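Listed here are the chains, written in short residue letters.
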Amino acid sequence: MAYDLFHVVIIIFLVFLPLHFSPIKANTDVSFSINLIRKTSPKLFPQRLRGLSAMSGTPQSPTGAYLGHYLMELSIGTPPFKIYGIADTGSDLTWTQCVPCNNCYKQLNPMFDPQKSSSYSNISCDSNLCHELDTGVCSPQKQCNYTYAYASGSITQGVLAQETVTLTSTTGTNILLKGIMFGCGHNNTGGFNDHEMGIIGLGGGPVSLISQIGSSFGGKMFSQCLVPFHTDVSVYSKMSFGKGSEVSGEGVVSTPLVAKEDKTPYFVTLLGISVGNNYLHYNGSSETVEKGNMFLDSGTPPTILPTQFYDPVVAEMKNQVAMEPIVDDPDLGFQLCYQTKKNLHGPILTAHFEGADVTLEPIQTFISPKDGVFCLGFTNTSSDVGIYGNFAQSNYLIGFDLEAQVVSFKPRDCTKNTES
Ligand SMILES: *[C@@H]1O[C@H](CO)[C@@H](O)[C@H](O)[C@H]1NC(C)=O
Ligand SMILES: *[C@@H]1O[C@H](CO)[C@@H](O)[C@H](O)[C@H]1NC(C)=O
Ligand SMILES: *[C@@H]1O[C@H](CO)[C@@H](O)[C@H](O)[C@H]1NC(C)=O
Ligand SMILES: *[C@@H]1O[C@H](CO)[C@@H](O)[C@H](O)[C@H]1NC(C)=O
Ligand SMILES: *[C@@H]1O[C@H](CO)[C@@H](O)[C@H](O)[C@H]1NC(C)=O
């Protein structure tokens, strides 16, 4: 099992970097012909809430860890059909494998069947919605066919459709969201495992679930609390949407979101990282810290830093761990690994975001790809823009407030969040 796990960790590594992140794309040997250019059209998705009152509470979705990804539960269709998709703040399109399947990967649960849902509708290629996704093309039946590709080479193809999404609120009420646009994936390939039924796109671009929900729940905001990497899949935390998902109170730190042309990623500014008490300044291609030099991605496991910054962080880590690292084992997928029967004793890291110091315990920085081995869950890129990955996001309640344009962090044991 541990052996499988480490293989999966490597395979899934870059799967969920969306295609638009071109510097990473350049490092992969896959060639891409699809260009996703984002447009903004805030009025595209009008309010579609039915019967929501102040008493309805905050809508939530259970989210658990499985092999480096976070699976989020969502019900689509009428009657509601449960799907478990990868929660991905680094991409926009929500899609699930649909029958009839021309070419799908193996999935344990049954696939969504549009014919069994009375609320399913195809999006016509004449519709503006079709052109929100730049890869939307017209099929002979005037359906809107889409292609959505990720930097690892994973691709989903199918038709764009609309469905009713059902969320459950804190008070137990079902909340129906009608006409949510999603991809019915008929041809899906890539490093997916059989628990994953698709991807839930939680990015900031116009077609993402977050943008479609908009401020329907009293404010354009959501929060997540990701359980640590090796947590049993039956232990889950909750993703919350709208009012009531604010992250506030004692111990909260906040950093501004940085708006860039690409609306999908949630960009923030990382000034530096302290390894123990030793502060290392962020170093991209220029030594001045650019605004928005990192983005938070729940779909990418490791934290990815520009090489010129990554190298000193690794060197300082080696300095401070009182053990000899494993030398050059490319199979592990990480450069800095240690072998120990006990838990690894490593320094506390502090990510110094603009206005927010976020401390990371060894459990948030070292992952165990196989028994007795612990690897620093960081890797490097030749790009100037880094990624704050999901290992480092675990055990923090993280709130994305898209109205105030801030991200807030509050330390929390996310496994103690399971009251349902
Ligand atoms: C599925 O998509 C791949 C590209 O991702 C394409 O090469 C292949 O022809 C498609 N297969 C079918 C049955 O549409
Ligand atoms: C959606 O399009 C497919 C393919 O053209 C068709 O088979 C199906 O009946 C359509 N579904 C609805 C609800 O119109
Ligand atoms: C549109 O998508 C359907 C379902 O995946 C597929 O059967 C059809 O060949 C596609 N048509 C075009 C023109 O891409
Ligand atoms: C930043 O990286 C460049 C290129 O590797 C290097 O020359 C420079 O010394 C680094 N600056 C700091 C402050 O480490
Ligand atoms: C990552 O870092 C290693 C070691 O410093 C280096 O050899 C490699 O070229 C770097 N990779 C990228 C993509 O920059």
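Since this is a predicted model, take the numbers as computed values, not measurements. (Residues numbered from 1 in each chain as written. Chains lettered and ligands numbered in written order. Predicted model: local features only at pLDDT ≥ 70, side-chain atom pairs only at ≥ 80, totals over all residues. Heavy atoms only, no water.)

Points about the environment of Val 165
Here Val 165 shows up in strand S8 (residues 155–169). Val 165 gets classed as buried once you look at its relative accessible area, which sits at 4%. Sequence separation between Val 165 and Met 181 is 16 residues; the distance between their C-alpha atoms is 9.6 Å. In contact with Val 165, other than residues within four places in its own chain, are Leu 74, Ser 75, Ile 76, Ile 175, Leu 176, Leu 177 and Ile 180. (Helix = DSSP H or I, 4+ residues; strand = E, 2+ residues; numbered from the N terminus. Buried < 20%, exposed > 50% of the residue type's maximum accessible area, 1.4 Å probe, protein only. Contact = heavy atoms within 4.5 Å.)

A word on the packing of aromatic side chains
Per the counting criterion, the structure on display carries 17 aromatic pairs. Centre to centre, the rings of Phe 267 and Phe 295 are 5.8 Å apart; their planes meet at 80°, and the pair counts as edge-to-face. You can see Phe 267 sitting in strand S14 (residues 266–268) and its partner Phe 295 sitting in strand S17 (residues 294–296), a full 28 residues away along the chain. Here the aromatic rings of Tyr 282 and Phe 309 are separated by 5.0 Å at their centres, their planes lie at 40°, and the arrangement is tilted. Note that Tyr 282 is positioned in the loop between strand S16 (278–281) and S17 and Phe 309 in helix H5 (residues 307–320), a separation of 27 residues in sequence. Judged by its relative accessible area of 0%, Phe 309 falls in the buried class. The ring of Phe 267 has Lys 260 lying over it, and the distance from NZ or CZ to the ring centre is 4.2 Å. (Phe/Tyr/Trp six-rings, centres within 6.5 Å; stacked < 30°, edge-to-face > 60°. Lys NZ or Arg CZ within 6 Å of the ring centre and 35° of its normal.)

Points about the site of ligand 5
Around ligand 5 lies a shell formed by Thr 307, Asp 311, Gln 335, Asn 380, Thr 381 and Ser 382. In the environment of ligand 5, an oxygen atom lies 2.8 Å from a nitrogen or oxygen atom belonging to the side chain of Asp 311. Here an oxygen atom of ligand 5 sits 2.3 Å away from a polar atom, N or O, in the side chain of Asn 380. When grouped by side-chain class, the residues that make up the shell around ligand 5 number no nonpolar, 5 polar and 1 charged. (Near = heavy atom within 4 Å. Polar contact = N/O pair within 3.5 Å; in protein donor to acceptor, adjacent residues only side chain to side chain. Nonpolar A, V, L, I, M, F, W, Y, C, P; charged D, E, K, R; others polar.)

So, the state of the cysteines
Working definition: the covalent bond between the sulfur atoms of two cysteines is a disulfide. One pass over the structure, following the stated rule, counts 6 disulfides. Disulfide partner of Cys 98: Cys 184, at an S-S distance of 2.0 Å. Between Cys 98 and Cys 184, the S-S torsion sits near -90°, and that sign places the bridge as left-handed. Taken together, the residues span a long stretch of sequence, with Cys 98 in the loop between strand S4 (95–97) and strand S5 (121–122) and Cys 184 in strand S9 (residues 174–189) at a distance of 86 residues. Judged by its relative accessible area of 0%, Cys 184 falls in the buried class. (Disulfide = S-S within 2.5 Å.)

Points about the site of ligand 2
The local shell around ligand 2 consists of Tyr 120, Asn 122, Gln 141 and Gln 143. At 3.1 Å from an oxygen atom of ligand 2 is found a side-chain nitrogen or oxygen belonging to Gln 143. Isolated, ligand 2 exposes 360 Å² of accessible area, and the fraction of that covered by the protein chains is 42%. Looking at the shell around ligand 2 residue by residue, the classes come out as 1 nonpolar, 3 polar and no charged. (Areas by Shrake-Rupley, 256 points an atom, 1.4 Å probe, with all protein chains shown as cover.)

Topic: the pairing of strand S21 (residues 356–360)
Covered by surrounding structure in S21 are Ala 356, Val 358 and Leu 360 only, the residues Asp 357 and Thr 359 on the alternate face being uncovered. Of the strand pairs in this sheet, strand S20 (residues 349–353) and S21 are connected by 5 bridges, and their pairing is antiparallel. If you follow Phe 353 over to S21, its bridge partner there is Ala 356. What sits between the antiparallel neighbours S20 and S21 is a turn of 2 residues, in which Gly 355 has the positive phi angle 80°. (Pairing = 2+ DSSP bridges.)

Some details on the pattern of salt bridges
Tallied over the full model, the rule gives 5 salt bridges. Across the salt bridge formed by Lys 106 and Asp 194, the nearest N and O atoms sit 3.8 Å from each other. In this pair, Lys 106 sits in the loop between S4 and S5 while Asp 194 sits in the loop between S9 and strand S10 (198–201), placing the two residues 88 residues apart along the sequence. The salt bridge partner of Glu 354 is Lys 291, with a shortest N-O separation of 2.8 Å. Placement of Glu 354 in the loop between S20 and S21 and of Lys 291 in the loop between S16 and S17 is noted, with a sequence separation of 63 residues between them. Residue classification places Glu 354 among the partly exposed positions, given a relative accessible area of 23%. (Salt bridge = Lys/Arg side-chain N within 4 Å of Asp/Glu carboxyl O.)

Observations regarding the pairing of strand S26 (residues 396–401)
Extensive coverage of S26 is indicated by the burial of 6 of its 6 residues. Side-chain alternation along S26 places Tyr 396, Ile 398 and Phe 400 on one buried face and Leu 397, Gly 399 and Asp 401 on a second face that is also buried. Relative to S26, strand S11 (residues 221–225) runs antiparallel, the two sharing 5 bridges. Its bridge partner lying in S26, Met 221 is registered against Asp 401. Hairpin connection, S26 to strand S27 (residues 406–411): the antiparallel pair is bridged by 4 residues, and Gln 405 has positive phi, about 60°.

Points about the sheet that holds S20
Strand order in the open sheet formed by 4 strands is S16-S15-S20-S21, with antiparallel pairing between adjacent strands. Either end of the sheet is taken by a strand with one partner, and the two such strands are S16 and S21. For this sheet the average axis-to-axis angle between neighbouring strands, irrespective of direction, equals 20°. Note that strand S15 (residues 270–275) and S20 share 5 bridges and pair antiparallel. The partner of Ile 273 across the bridge, within S20, is Ala 351. (Axes fitted to C-alpha atoms, helices over the stretch in contact; angles between N-to-C directions.)

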